[in-house]
Amino acid sequence: MATFRQQVEATIPALRRYARALTRDRDLADDLVQDTLLRALRSEHLFHGGDLRSWMYTILTNLNRNRLRSLARRPALSPIDDNDAPDLAGPEGGGRDIARALATLVDEQREALLLVVLEGLSYREVAEVQGVPIGTVMSRLARARAQVKSYLDGERPALRRVK
Amino acid sequence: MIDPNSPVHDDELHAFVDGQLPADRREAVAAWLAEHPEQAAAVAAWRAQAEAIRMRFGAVADETVPERLDLDRLVHDSGGRGGRRPWWTMVAAAVIAAFFAGGSAGWMARVATAAAPSSTGSITADALEAHALYVVEVRHPVEVPGSERDHMTQWLSKRLGYQQRIPDLQPLGLKLVGGRLLPGPTGAAAMYMYEGPSGERFTLYCAKAMSPETAMRFRSDKRYAAFSWVDDKAAFVVSGPADRDRLEQVSKAIYEQVDRSGAGRKS
């Protein structure tokens, strides 16, 4: 049977993918994953079975919200590095459009959409990760999809990066 | 969007797209969509979105995991029980236990929320900005010269609200140019500048942080790079020329001094 650590390790690729899509910034995403891993390893005694993957997504989602909250309290600053530039302005066809569309979403909606379509979580699991009823997940998902659609259908204004 | 009298609910359309619809409803929804082109178009658009998201980010999971996320390394580096924590990877002490509460989703959420926020990114940005602004100053790089170390320590300790310990980097050939007061994330911040024999400059930025502790981070842009960490609610950012080895050496020396002397401990 896999040890706790091996199970944690197995989640890393998926956590990186989720974090990258959430932040659209490679360094920031890996910072989040690193904090998530440390937190999880430190909290093993709090993990009483259940789905480890959902637990990891929960930690990462909350760390990201904390990060955004602390940014929100502060005046806007230009990003310190250009590491994310290829992500947004990369040459790959529609890629940049979907990344920009995601950037226009409210955080909770972006989380819900990514957990479902990118990470393949069930609606029930997303509800657990976000700590809300399934009905709330469904409405977040619906609003996210409507917003992405209207963004992609509509004008594409030059978007300033939303941190 | 959906006719309220119709047998198909909006939620079912999402579940249809996401493959989360019970098998016995799949056919019914597909048949219904064939009769409702407007909703069918929405469903197609949602599918295309999902596909685009997977195309855009799916490959991240296939990338080689960077070394800093290697668990053996994280565990090894953070596990120095008893002795001083290794400088490279400090982690939050388990304040988490205090937040343990029954219930499944509840405790999961609390564990993670109670944990430290990851706010070093913005502090690092501030520090690099200050670094870039002041290292190019020839005549007024600092407010208080390094020769007045005692006075500066006293002044900035008072303004920042915790004891400042200004590291001595002479063994690395770096002379203290001096320091200055800056606006920080939660009040005042201090910046100390050091200079090497060939004029290269390093700065140490200190401020109170939101998070209790974080891992050590490395950031770089084209010209400058920084190592940053938070220890006991005090953030430290060491910025310098984008030469990682040299910066690491300087950061390590600073870490050892501020840690041994207990800078940031609100004693």
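Note that this is a predicted model, so its numbers are computed, not measured.

The rules we used
Residues numbered from 1 in each chain as written. Chains lettered and ligands numbered in written order. Predicted model: local features only at pLDDT ≥ 70, side-chain atom pairs only at ≥ 80, totals over all residues. Heavy atoms only, no water. Helix = DSSP H or I, 4+ residues; strand = E, 2+ residues; numbered from the N terminus. Buried < 20%, exposed > 50% of the residue type's maximum accessible area, 1.4 Å probe, protein only. Contact = heavy atoms within 4.5 Å. Areas by Shrake-Rupley, 256 points an atom, 1.4 Å probe, with all protein chains shown as cover. Pairing = 2+ DSSP bridges.

### Comments concerning the overall build of chain B
Part 1 of the reasoning: Each helix and strand counted, chain B has eight helices and seven strands in total.
Part 2 of the reasoning: Within chain B, the fraction of its 267 residues that count as buried is 50%.
Part 3 of the reasoning: When contacts within chain B are restricted to residue pairs at least 6 apart in sequence, those whose partners lie at least 24 apart make up 56%.

### Side note on the overall build of chain A
Part 1 of the reasoning: Of the regular secondary structure elements, chain A holds nine helices and zero strands.
Part 2 of the reasoning: Across the 163 residues in chain A, those meeting the buried criterion constitute 58%.
Part 3 of the reasoning: A fraction of 69% describes how many contacts in chain A between residues 6 or more apart in sequence connect residues 24 or more apart.
Part 4 of the reasoning: Taken as a whole, chain A presents about 6600 Å² of accessible surface, with 52% of it coming from carbon and sulfur.

### Remarks on the sheet that holds strand 7 (residues 234-241) of chain B
Part 1 of the reasoning: The antiparallel open sheet is built from seven strands, whose spatial order is 1-2-3-4-7-6-5 (chain B). Of all the strands in the sheet, the pair left with one neighbour each is strand 1 (144-145) and strand 5 (217-220) of chain B.

### A word on helix 7 (residues 107-117) of chain A
Part 1 of the reasoning: Burial analysis of helix 7 of chain A places nine of its eleven residues in the buried class, the great majority of the element.
Part 2 of the reasoning: Turning to helix 7 of chain A, its buried residues are Gln109, Arg110, Glu111, Ala112, Leu113, Leu114, Leu115, Val116 and Val117 of chain A.

### Observations concerning the pairing of strand 2 (residues 175-184) of chain B
Both faces of the sheet carry side chains from a regular strand, because those side chains alternate between them.
Residues and elements named next belong to chain B.
Part 1 of the reasoning: Burial within strand 2 is extensive, with seven of its ten residues counted as buried.
Part 2 of the reasoning: Across two bridges, strand 1 lies against strand 2 in antiparallel orientation. For proline 145, the partnering residue across the bridge sits in strand 2 and is glycine 178.
Part 3 of the reasoning: By the bridge criterion, nine bridges tie strand 2 to strand 3 (residues 187-195) in an arrangement that is antiparallel. By the bridge assignment, leucine 182 is partnered in strand 3 with alanine 189.
Part 4 of the reasoning: The antiparallel pairing of strand 2 with strand 3 creates a hairpin that spans two residues between the two strands.

In short, geometric facts, not functional conclusions.
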